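Notes for the structure review
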Amino acid sequence: MRTLCLIIVILCCSVFATAQIKYEVTTSTFLNVRSYASTDAPVLGTINNGGEVYVYDIANGWAKISYDGGYAYISSDYITKVVDRTSMSQQ
């Protein structure tokens, strides 16, 4: 019984850990995508203003995103959560 409870807890945590929330880039030009959460990290690419990203986590000013089949980091200062207008209009 303890083993079953432990498995359920682990599965629930896994579901929440992989949840993604859509954000929009809100910078004047573009936002650097970095290999780890630091301005010293190599730049993997850029996302233009208005581009949308899926964020897994935000911590210490950095957002962990899905990028090019893996994970990367962007500054959380330049993103805004996308509001789903279709669900708001149905309420």
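Look up a bit, the structure's there.
Residues numbered from 1 in each chain as written. Predicted model: local features only at pLDDT ≥ 70, side-chain atom pairs only at ≥ 80, totals over all residues. Heavy atoms only, no water.

**Some thoughts on the overall build of the chain**
Each helix and strand in the chain was counted, giving two helices and seven strands. N-terminal to C-terminal, the α/β element order of the chain is α-β-β-β-β-β-β-β-α. Per-residue burial for the chain yields a buried fraction of 23% across its 91 residues. Within the chain, contacts between residues at least 6 apart in sequence are counted, and of these 47% link residues at least 24 apart. Looking at the chain as shown, the accessible area adds up to about 6600 Å², and 55% of this sits on carbon and sulfur atoms. (Helix = DSSP H or I, 4+ residues; strand = E, 2+ residues; numbered from the N terminus. Buried < 20%, exposed > 50% of the residue type's maximum accessible area, 1.4 Å probe, protein only. Contact = heavy atoms within 4.5 Å. Areas by Shrake-Rupley, 256 points an atom, 1.4 Å probe, with all protein chains shown as cover.)

**A look at the environment of Ile 65**
Structurally, Ile 65 is set in strand β5 (residues 62-67). Residue class for Ile 65 comes out buried when judged on its relative accessible area of 0%. Ile 65 sits 31 residues away from Arg 34 along the chain, and the two C-alpha atoms are 10.0 Å apart. When sequence neighbours within four positions are dropped, the list of residues in contact with Ile 65 reads Val 33, Ile 47, Val 53, Tyr 54, Val 55, Tyr 56, Gly 70, Tyr 71, Ala 72, Tyr 73 and Ile 74.

**What about the packing of aromatic side chains?**
Going through the model one piece at a time under the given rule, you end up with one aromatic pair. Ring centres of Tyr 56 and Tyr 71 lie 5.0 Å apart, and the angle between their planes is 85°; on these two criteria the pair is classed as edge-to-face. Note that Tyr 56 is positioned in strand β4 (residues 52-59) and Tyr 71 in strand β6 (residues 70-75), a separation of 15 residues in sequence. Over the aromatic face of Tyr 71 sits the side chain of Lys 64, whose NZ or CZ is 4.3 Å from the ring centroid. (Phe/Tyr/Trp six-rings, centres within 6.5 Å; stacked < 30°, edge-to-face > 60°. Lys NZ or Arg CZ within 6 Å of the ring centre and 35° of its normal.)

**Some words on the nonpolar core**
One finds Tyr 23, Val 25, Leu 31, Val 33, Ile 47, Val 53, Val 55, Ala 63, Ile 65, Ala 72, Ile 74 and Ile 79 forming the largest nonpolar core, which totals 12 residues. The set of elements that each furnish at least two residues to this core consists of β1 (21-25), β2 (30-34), β4, β5 and β6. In contact with Ala 63, not counting residues within four places along its chain, are Val 55, Asp 57, Ile 58, Ala 72, Tyr 73, Ile 74, Ser 76 and Ile 79. (Core = buried A, V, L, I, M, F, W, Y, C linked by side-chain atoms within 4.5 Å.)

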